[in-house]
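Overview (structure and organization)
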There are 4 protein chains.
Amino acid sequence: MSSGRHFLQIPGPSNVPDRVLRAISYPTIDHRGPEFAELGLDVLDKLKSVMRTESEAVIYPASGTGAWEAALVNTLSPGDRVLMFETGQFGTLWAGVARDLGLEVDFVPGDWRSGVDPAVVEERLSADTEHRIKAVAAVHNETSTGVTSRIPEIRAAMDRTGHPALLFVDTISSLGSVDYRHDEWGVDVTIGGSQKGLMLPPGLSFHGISAKALQAAESAGLPRSYWNWGPMLASGAGGYFPYTPATNLLFGLREAVAMLHEEGLERVFARHRRFAAATRAAVADWGLEVQCRVEEEYSPVLTAVAMPDGHDADKLRTAILDHFDVSLGAGLGKLSGRVFRIGHLGHLNEPGLLGTLGAIEAGMRLVGIPYRPGGATAAAEHLADTAA
Amino acid sequence: MSSGRHFLQIPGPSNVPDRVLRAISYPTIDHRGPEFAELGLDVLDKLKSVMRTESEAVIYPASGTGAWEAALVNTLSPGDRVLMFETGQFGTLWAGVARDLGLEVDFVPGDWRSGVDPAVVEERLSADTEHRIKAVAAVHNETSTGVTSRIPEIRAAMDRTGHPALLFVDTISSLGSVDYRHDEWGVDVTIGGSQKGLMLPPGLSFHGISAKALQAAESAGLPRSYWNWGPMLASGAGGYFPYTPATNLLFGLREAVAMLHEEGLERVFARHRRFAAATRAAVADWGLEVQCRVEEEYSPVLTAVAMPDGHDADKLRTAILDHFDVSLGAGLGKLSGRVFRIGHLGHLNEPGLLGTLGAIEAGMRLVGIPYRPGGATAAAEHLADTAA
Amino acid sequence: MSSGRHFLQIPGPSNVPDRVLRAISYPTIDHRGPEFAELGLDVLDKLKSVMRTESEAVIYPASGTGAWEAALVNTLSPGDRVLMFETGQFGTLWAGVARDLGLEVDFVPGDWRSGVDPAVVEERLSADTEHRIKAVAAVHNETSTGVTSRIPEIRAAMDRTGHPALLFVDTISSLGSVDYRHDEWGVDVTIGGSQKGLMLPPGLSFHGISAKALQAAESAGLPRSYWNWGPMLASGAGGYFPYTPATNLLFGLREAVAMLHEEGLERVFARHRRFAAATRAAVADWGLEVQCRVEEEYSPVLTAVAMPDGHDADKLRTAILDHFDVSLGAGLGKLSGRVFRIGHLGHLNEPGLLGTLGAIEAGMRLVGIPYRPGGATAAAEHLADTAA
Amino acid sequence: MSSGRHFLQIPGPSNVPDRVLRAISYPTIDHRGPEFAELGLDVLDKLKSVMRTESEAVIYPASGTGAWEAALVNTLSPGDRVLMFETGQFGTLWAGVARDLGLEVDFVPGDWRSGVDPAVVEERLSADTEHRIKAVAAVHNETSTGVTSRIPEIRAAMDRTGHPALLFVDTISSLGSVDYRHDEWGVDVTIGGSQKGLMLPPGLSFHGISAKALQAAESAGLPRSYWNWGPMLASGAGGYFPYTPATNLLFGLREAVAMLHEEGLERVFARHRRFAAATRAAVADWGLEVQCRVEEEYSPVLTAVAMPDGHDADKLRTAILDHFDVSLGAGLGKLSGRVFRIGHLGHLNEPGLLGTLGAIEAGMRLVGIPYRPGGATAAAEHLADTAA
């Protein structure tokens, strides 16, 4: 039994605000009644405001992984080719989903320290003169590495080739934390999830859908029922769902997006960038290295920290959890044991971040990681110097 | 603005107990940490205790409709034939899911007033000498009509034929409210949902899975990823999930099943039968007719009440909602406007039921439905005479 | 372990709305910080709006009994005489408080079936030519009997005598449920509590204070510290308290009064009168008698029902609690075992009331009370015929 | 609108645990019913376990200030003399309460940097050969200064004189955070409050009562009603209260003390001492001074930090609140503007403390307080070196 409120500083699920926790505890209502219709229309509007789209959106009672699958089955046919990228664990897993569904994946290898290279996108599409590639799929923020991909540059690269492939973007760990523009950036399917920047528990996932994607759905041949946009959009127009939605999480969605707008999206994004910079200041001060090697691709959402050789990240994480009640993210896949990940997203303030960094500093001392003391103080100074 | 707590007397989602609402508002935890593993193992155990299985179970972050789909894609291949039944709206919708996925449906027509006829099952399977039918799919409790199907008799009918078809049973609106036995009854895939007898908000669905179903999964050819049992069972053995689960609903599941066991499953089932009988006593006293025409198939979960000719059920429902703050279920599909449905399931006590029936009686008077006064009193007498 | 939400139908504490329960669970804040000051000013304003006063008000972190004491110690001196009335148990207890504090009580006996008689007030004050009576203290709604006293008529009687006595009114069980006007009715100290019509848990009590009462406080000689208006009013002007207030209950007060205003005070009062009339319709239909014998003094808040001779009210209440999960109020003091009290106040809707009455009807059948069946139906008909 | 959970680091109210917030949001129950009796007996037992008494205890629906008053009115008579101490603001205020009630106060002046001097107690009592002093009243933990008084040494001093005065101890800000023993230390009235170490919102206060104090109550002449031990103890024996208790706060009390026992009182006290030491390590590292000048009297509950000359503590506190969302305690009375107070009590873990200290360090940089950087890191090192 420990005292104090647990610090959930994994890169998602993020700390759910009390307001949202209370909202999801409202008594469940009739999903076919008039009160629900108002809720349904409201959350779709609110979701679109965060995705910055005036096109269509749907909300699935499902995890983000389901929305990955849904993007594919609504738009593609068996054997279709998709251009995907090994930006890290999640780029890799998404490619696995595509293969499971009978798609062919052009998988661009990566170093897990940088995002999708727009030049490679351009090169691959240019080479695909027969237009066998039906979609390009990129992860906006790679949660396993703390690296963002530059979606507008990818879009520009695609446009330069004149290739008709659809653009799918996974914003599961960026939506609500990082500037994102579905319409302006010409994304065809935006995939989001509830449990990161949207500050909700997991259990909802989202699509923003372009007109071009809707057209693709008309001839897509993969079997689909639960994920099918058609009934979702038809019911959604009236604020309803074709099957029972996850009502209580929708109460939370309404509240969470209201909170984002009360703070102001621009201020939310600036706060994430500022906290990420303070975190990197601490890491640098400790004499450690950040996993992301491209400065303009630093994630505002999380920072993956590389361990000194011969030191196990999971041993450190366990000590910090057991002794100081802070959860940090593990290294995933290829990075297992080699990095730990600090989530600094969602509902977070300065002392929340400083407490996390202080506990990491204490943990490194406790388990004997070689580091230079003072990172917590360096972060505090960064925050003081950038206070509004 | 009305005063008082809304009476959610639709046949699901049912009234979520405060204990469960508070449980789902616990702060979200790390779904990869040790505290989660305990939760994961515990909820799987608890789920199995309600399904009465010692075989396998999985929990999907999805609505029941998703678990319908999941049962099919895990066990069947394109073009496989499934024997399904028009017991009502939900039997009909499930057949639609099967067709969407590329299966062939043998659809037995029905009158929406009775359950699956075991004799028909026996006849159809006997006639299928080539074993082209791969599965029989029945809805245990038809939420649209208030009729249960007699699963043990269906199983016996199947057994008599020696046919190898799998047996799928939808217990979405019966699990936790009506006696059900996955193992003893020889069910291959039990499909459950959170928002009915399990007293949770919607957003979780469940499978109980027999060894025979697991074997079928090995050769099943429908594409699958999100619903795939393989990774779910592999992760589940350690209390984890292959992708982010709906953590907060799992907190609720733990609490809700604990409540069922505190009351005692047998007592829970007896309470549902007693409340259903009290409701039918009221309906009879009013001089109205119950939709279910087979006495041994009366649903303990809900009662669909047929309207006198020329009277619109939805007008009555709207008046009761607007004036007396009680939500009742609409007639679905073929029964639209012709019945209203009283949910008497889940977290409900005597005054909750009597208040519902009293409000219906007041509503009938208000909108001018011809009825004999006194149903509320008849139900009270039934409850007095059957009090423990 | 019973299922369903408990029906708390005692005449207070009343059923606390979920919105208020959630409000009192907000994280506690600094009672010396700027956020608190806004809360403090807001709740004082809201309280005055319900008391209908533009004079002063204070909020005590204390039960209503404390506010009884506080009214006396702020305005009176040892040996002062107070005119008090045996309207029932609470009138009697308040007189006891006065005696405990060293005051002299002129206690007018009563029959526990009617309110304060304005003619007696006039007679007693007229006879007090030396003005030894310093205050007249009346209970607006006697919670032990279901009888209201007619405050405006009491005021008029006092005015006719020209006697300078202060007028204290206990509105603990009426405030927020029954029309009340501190300023218009010329009350000097209004005493309120949180747990009845204000729909909060117990723990807060209130004063509305006239200018004349404030003046009396200047020369009052009873020792006082905790209850002292001086520091309360001085701090309250800035939204603060002289000592730590019951912050979380204040969160609830803000929400509860907001709910009253959303419904509209006039509609709230009308709802209480309508539910009381429906309850009396049930009682009459059962062939039982209401304790209040004066029609214009029927309480909108509760109905005390007299038991047939030879039948124990507490045995009935226990059966209803044990079998049907409804709490009713016991007979107090002289009425112990002879009446039960039905609370129909606060956060209540039609099915809530009908469920209560249905459970009482079932309970009477269960324990063998002689009654005519049909009260629950009679109440339903009253509600149907008076639906807006 | 800020993001993240507010850090309430004043020396009380302390951060209320979610478990306790949820507990106080349970639906209010009948305070005269059987479920309440169980609660009432349980919370009295639990309270005694924290006070470490097997004598009597009462729970008031009131703030701590009320319990100050209650201790006096239950045991003393007008004109009685009480020995009190200027340990800081709260010692001073309590003396004011005594004077308000008509008692005579022997007030021992102090420097606001040290606790009650046992030698002075001995001297004053020895000089009081006529036994006009009826009680000695000490504050165990002076919340205004961060200084504890050594109660066992005070008791020993009293015993040495053979003087019959009662011993009253205010444990409002120590109970549940600092080792305390009502019986073993021979205290006659222990005064506690809910909102500090007991981790509840404000609104409850407590007495532990010795047999000697009960005897004193029999002849005590101050008028009393609300605070009267007699009816409280009589009702309390059955788990009830003489008037409506603050039920929902009692739900919280049950949960909060359960949490203390789950952690273990000894571990709770050790945690408080360890966090206080880490805080002083930070203060020392910053080059600032702690208000308490006696090492064995350092408070485990809070640390008051003296500002460098010419710097305003409130300006710093405001900046930290506005920019970093941390509430700190102001200097009170004589110390206004000259100290700020860091609460490190109650429900707190290492990152919670480190976040607080980090925010203070950032705040000092922001407003230009002269300090040596590194305090946050010094505290982290202390915590690492003392981790279990």
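Here is what the cut-offs are and how they apply
Residues numbered from 1 in each chain as written. Chains lettered and ligands numbered in written order. Predicted model: local features only at pLDDT ≥ 70, side-chain atom pairs only at ≥ 80, totals over all residues. Heavy atoms only, no water. Helix = DSSP H or I, 4+ residues; strand = E, 2+ residues; numbered from the N terminus. Rg over C-alpha atoms; globule rule 2.2 N^0.38 Å. Buried < 20%, exposed > 50% of the residue type's maximum accessible area, 1.4 Å probe, protein only. Areas by Shrake-Rupley, 256 points an atom, 1.4 Å probe, with all protein chains shown as cover. Lys, Arg positive; Asp, Glu negative; His and termini not counted. Charge placed at Lys NZ, Arg CZ, Asp CG, Glu CD. Least-squares fit on C-alpha atoms with pLDDT ≥ 70 in both. Contact = heavy atoms within 4.5 Å. Buried area = accessible area lost by both parts, 1.4 Å probe. Salt bridge = Lys/Arg side-chain N within 4 Å of Asp/Glu carboxyl O. Polar contact = N/O pair within 3.5 Å; in protein donor to acceptor, adjacent residues only side chain to side chain. pLDDT = per-residue confidence, 0-100. Phe/Tyr/Trp six-rings, centres within 6.5 Å; stacked < 30°, edge-to-face > 60°. Pairing = 2+ DSSP bridges. Axes fitted to C-alpha atoms, helices over the stretch in contact; angles between N-to-C directions. Left-handed = near helix turned anticlockwise from the far one by under 90°. Nonpolar A, V, L, I, M, F, W, Y, C, P; charged D, E, K, R; others polar.

Side note on the overall build of chain A
When you go through chain A residue by residue, the secondary structure sums to 13 helices and 14 strands. The C-alpha radius of gyration of chain A comes to 21 Å, within 12% of the 21 Å expected for a compact globule of 388 residues. Buried residues in chain A amount to 69% of all 388 residues. As displayed, chain A has an accessible area near 11700 Å², and 48% of this comes from carbon and sulfur atoms. The average position of the 34 basic charges and that of the 47 acidic charges among the side chains of chain A differ by 2 Å.

Description of the relation of the copies chain B and chain C
Superposition of chain B onto chain C requires a rotation of 180° combined with a translation of 0.0 Å along the rotation axis, giving an RMSD of 0.0 Å. Both chain copies can therefore be described as sitting about a two-fold axis. The C-alpha atom lying nearest the rotation axis in chain B is that of B:Gly355; the distance is 1.8 Å. Both copies present the same face, since 100% of the interface residues in chain B are matched by interface residues at the equivalent positions in chain C.

Some words on the interface of chain A and chain D
Each partner contributes residues to the interface: chain A has 46 residues there, and chain D has 46 residues. Here chain A packs against chain D, burying approximately 3400 Å² in sum over the two surfaces, 56% of which is carbon and sulfur. Counting across the interface, chain A meets chain D through six salt bridges. The partner of D:Arg365 in a salt bridge is A:Asp385, and the shortest N-O contact between them spans 2.8 Å.

Observations concerning the interface of chain B and chain C
On the chain C side, the residues contacting the 46 residues of chain B number 46 residues. Taken over both partners, the interface formed by chain B and chain C buries close to 3400 Å², and the fraction arising from carbon and sulfur atoms is 56%. One can count six salt bridges joining chain B with chain C. Where B:Arg5 meets C:Asp18, a salt bridge forms, and the shortest distance between an N and an O atom there is 2.7 Å. Scanning the region where chain B abuts chain C turns up 18 residue pairs in polar contact (both at pLDDT 80 or more). Ranked by residues supplied to the side of chain B that touches chain C, first place goes to helix 12 (residues 350-367) of chain B with twelve residues.

Side note on the confidence of the model for chain A
Detailed reading of the predicted model is not advised wherever pLDDT is low. For chain A, mean pLDDT is 98; residues scoring 70 or higher make up 100% of the total. Two numbers describe this predicted complex: its pTM, 0.98, and its ipTM, 0.98.

Let's talk about the packing of aromatic side chains
All told, the structure shown has 40 aromatic pairs over all chains when counted by the stated rule. When the ring of B:Tyr226 is compared with that of B:Trp227, the centres are 4.9 Å apart and the planes differ by 85°; the resulting orientation is edge-to-face. You'll find B:Tyr226 and B:Trp227 in the same group, each marked buried. On the numbers, 5.7 Å between centres and 10° between planes, the contact of D:Trp68 with D:Trp94 is stacked. Of the two residues, D:Trp68 sits in helix 3 (residues 64-75) while D:Trp94 sits in helix 4 (residues 89-100), which places them 26 residues apart along the sequence.

What about the pattern of salt bridges?
Residue and element names in this part refer to chain A. For the structure on display, the rule yields 103 salt bridges over all chains. Among the salt bridges present, the one from Arg113 reaches Glu289, with a minimum N-O distance of 3.3 Å. Residue Arg113 is located in the loop between strand 4 (104-108) and helix 5 (118-127), and its partner Glu289 is located in strand 11 (residues 289-290); the two are separated by 176 residues in the primary sequence. What you see here is one network of salt bridges that share partners, running through Arg52, Asp179, Arg181, Glu184 and Glu266.

Concerning the relation of the copies chain A and chain D
A rotation about some axis, followed by a shift along it, carries one copy of the chain onto the other. It takes a turn of 180° to lay chain A on chain D, together with a shift of 0.0 Å along the axis; the resulting RMSD is 0.0 Å. In this assembly the copies share their binding face: 100% of the residues contributing to the interface of chain A also contribute to that of chain D.

What about the sheet that holds strand 9 (residues 189-193) of chain C?
Residues and elements named next belong to chain C. Taking strand neighbours across the sheet as the criterion, the seven strands line up as 2-10-9-8-5-3-4 in an open arrangement whose pairing is mixed. The open sheet has two edge strands with one neighbour each: strand 2 (56-60) and strand 4 (104-108). When strand polarity is set aside, the average angle formed by the axes of neighbouring strands in this sheet is 20°. Note: strand 5 (residues 133-139) against strand 8 (residues 166-170), five bridges, orientation parallel. Looking at strand 8, one finds that Ala137 is bridged to Phe168.

What about the packing of helix 10 (residues 265-286) of chain D against helix 13 (residues 375-385) of chain D?
Packed helix pairs are characterised by how far apart their axes lie and by the angle those axes make with each other. All names here are of chain D. Here helix 10 crosses helix 13 at 145°, and the two axes come no closer than 8 Å. Helix 10 and helix 13 meet at a crossing whose hand is right-handed. For the pair helix 10 and helix 13, contact is made by Arg274, Phe275, Ala277, Ala278, Ala281, Ala282, Asp285 and Trp286 and by Gly375, Ala376, Ala378, Ala379, His382 and Leu383, respectively. Per-class residue counts for the contact of helix 10 with helix 13 are ten nonpolar, two polar and two charged.

Thoughts on the pairing of strand 10 (residues 205-209) of chain B
Residues and elements named next belong to chain B. Of all five residues in strand 10, five are buried, a share of seventy percent or more. For strand 2 (residues 56-60) and strand 10, the ladder comprises five bridges, and the chain directions are antiparallel. Within strand 10, the position partnered with Glu56 by the bridge is Ile209. In this structure, strand 9 (residues 189-193) lies alongside strand 10, joined through five bridges in antiparallel fashion.

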